[in-house]
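Now for the letters of each chain:
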Amino acid sequence: MTKTNHKRAVLRVRPGQFVVTPAIEQVAIRALLYLKSGFPIHLRGPAGTGKTTLALHLAHCLDRPVMLLFGDDEFKSSDLIGSESGYTHKKLLDNYIHSVVKVEDEFKQNWVDSRLTLACREGFTLVYDEFNRSRPEVNNVLLSALEEKILSLPPSSNQPEYLSVSPQFRAIFTSNPEEYCGVHSTQDALMDRLVTINMPEPDEITQTEILVQKTNIQKECAYLIVRLVKSFRVATGAEKTSGLRSCLMIAKVCADNNIVATPENSFFQEIAMEILSNRTHLSVSESTDIFLDVISQFPTKEIEILNDAELGSLPTMDTLANTDLGNDIPLEKEASDYVSQQKNNEFKGFQKPSTKVLN
């Protein structure tokens with residue numbers, strides 16, 4: 001592989017807006033411990049839970065060049081380790097003695113490393129995203145590289161058949177559940193070599209913070225979007241999938257176009273409904289009815305974009321982290337009753353939650 005092709009294949013991960021909350025930090029710390037001890041890790045979870053983002057963040061923490069590879073059902077072993085491509089033609093004409101002519105004609109195949117071979121040779125970090133979309137027999141070449149630290153290469157005239165894996169080589173795998181379309185079952189031999197970390201959907205605090213940092217939307221609007229998307233997914237039976245991508249889409253559109261994210265804003269309702277209705281197996285009319293029913297259970301007149309003087313009445317991230325939300329913040333189904341009770345007490349809006357110190 002030429003030096004130019006090396007540069008094209010290597011990825012330098014730049015630190016981005018990676019949102020760190022206590023839950024994510026704990027997962028990242030454990031993953032880095034495994035990687036620094038030389039073990040490959042496997043981030044497994046539903047689509048949209050942040051597996052690839054966390055994988056790239058971990059690769060950045062290792063401070064090594066990154067080889068990014070995406071699983072594909074059409075992959076062959078050569079797509080991982082490389083293949084012979086093209087020929088080198090060498091012709092030597094020797095006429096040193098004028099009465100004698102010597103001609104040597106040589107054709108030689110050129111070997112081109114693929115990304116796994118390059119990562120193993122140079123000690124790079126391999127990020128194999130959705131590796132179980134590749135067929136299991138293709139991933140068999142990983143077995144000896146991960147365990148015996150030897151990569152087996154096909155016979156070639158210009159290179160050895162075995163490559164010693166660099167001690168600095170690290171591997172990070174991500175995968176979706178096997179019930180997803182286009183996903184293959186992974187062989188036990190490979191799974192036995194990986195440290196698997198299950199990635200659940202981020203909690204509401206994490207999702208709210210992600211929306212704020214990624215889209216610059218106001219925190220109270222981000223919290224409303226997270227609760228709305230979660231309620232809709234539960235109502236449509238889609239709670240097994242992640243709603244983070246839907247939240248990010250809604251939040252970014254609202255933040256970029258100065259759209260107020262409140263339940264009574266009809267424009268906001270249309271945007272949220274269009275984004276969410278395409279993520280269910282229900283018909284458009286059914287998903288629309290469910291969405292309207294869900295958003296009607298949110299208090300409309302009491303939730304407003306508050307000014308700085310009133311912002312303290314909404315729960316902040318620090319307050320939420322130390323507060324039992326079940327006792328102070330109403331669930332969607334209880335919102336109407338909660339608001340009515342507050343009206344009877346001649347109080348408008350959510351009460352500021354009492355601070356509770358967790359031991």
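Since the structure is predicted, the reported quantities are computational estimates derived from the model, not experimental observations. The written sequence of each chain sets the order in which its residues are numbered from 1. Per-residue local features of the predicted model are confined to residues with pLDDT of at least 70, and side-chain atom pairs are confined, for both listing and counting, to 80 or more; whole-chain, interface and lining totals are unaffected and use all residues. Excluding hydrogens and water, the side-chain values take into account all heavy atoms of the structure.

*Asks:* Could you clarify how one ought to interpret the pairing of strand β8 (residues 170-175) in this entry?
*Replies:* Taken residue by residue, a regular strand's side chains alternate between the two faces of the sheet. In terms of burial, β8 is largely enclosed, as six of its six residues are buried. Buried residues are those whose accessible area, probed at 1.4 Å on protein chains only, stays under 20% of the maximum for their type, while exposed residues exceed 50% and partly exposed ones sit between those limits. Elements are defined by DSSP. Helices are runs of H or I of four residues or more, strands are runs of E of two residues or more, and each kind is numbered from the N terminus. Judged by which residues are buried, β8 turns out to be covered on both faces: R170, I172 and T174 on one side and A171, F173 and S175 on the other are all buried. Here the rule is simple: two strands pair whenever DSSP picks up at least two bridges between them. Summarising the sheet, strand β5 (residues 125-129) and β8 pair through four bridges and their orientation is parallel. Bridge pairing in β8 places V127 opposite I172.

*Asks:* Would you take a moment to explain the side chain of T236 for this structure?
*Replies:* Its location among the elements puts T236 in the loop between α9 (219-235) and α10 (244-256). Polar contacts, as counted here, are pairs of nitrogen or oxygen atoms within 3.5 Å of one another; within protein the pair requires one atom able to donate a hydrogen and one able to accept it, and residues that are adjacent in sequence qualify only if both atoms are side-chain atoms. A distance of 3.3 Å separates a polar side-chain atom of T236 from the backbone oxygen of R233.

*Asks:* I keep staring at the packing of α10 against helix α11 (residues 266-277) and nothing clicks. Help me out?
*Replies:* The angle between the axes and the distance between the axes are what describe a pair of packed helices. Angles shown run from 0 to 180 degrees and are taken between the N-to-C directions of axes, each axis being a line fitted to C-alpha atoms and, for helices, limited to the stretch in contact. α11 packs onto α10 with a crossing angle of 150° between their chain directions and a minimal axis gap of 10 Å. The orientation of α10 relative to α11 falls into the category roughly antiparallel. Where α10 crosses over α11, the two elements pack in a sense that is right-handed. Along its contact with α10, which presents S246, M249, I250, V253 and C254, the element α11 presents F268, I271, A272, I275 and L276. Under the convention adopted here, Pro, Cys and the residues Ala, Val, Leu, Ile, Met, Phe, Trp and Tyr are nonpolar, Asp, Glu, Lys and Arg are charged, and Gly plus all remaining residues are polar. Partitioned by chemical class, the residues of the contact of α10 with α11 number nine nonpolar, one polar and no charged. In this scheme, roughly parallel covers angles under 35 degrees and roughly antiparallel covers those over 145, while 65 to 115 is roughly perpendicular and the rest are oblique. Take the far helix as your reference; a near helix turned counterclockwise from it by less than a right angle gives a left-handed crossing, and one turned clockwise gives a right-handed crossing. In what follows, residue pairs with any heavy atoms lying within 4.5 Å of each other are defined as contacts.

*Asks:* I would appreciate a short explanation of the confidence of the model for the protein chain in the present structure.
*Replies:* Low-pLDDT portions of the prediction should not be read for the details of their coordinates. Of all residues in the protein chain, 71% attain a pLDDT of 70 or more, and the chain-wide mean is 77. On a scale of 0 to 100, pLDDT captures the predictor's confidence in every residue. Here residues 301-336 scores under 50 on pLDDT; set against residues more than four positions off or in separate chains, the count is 63 contacts.

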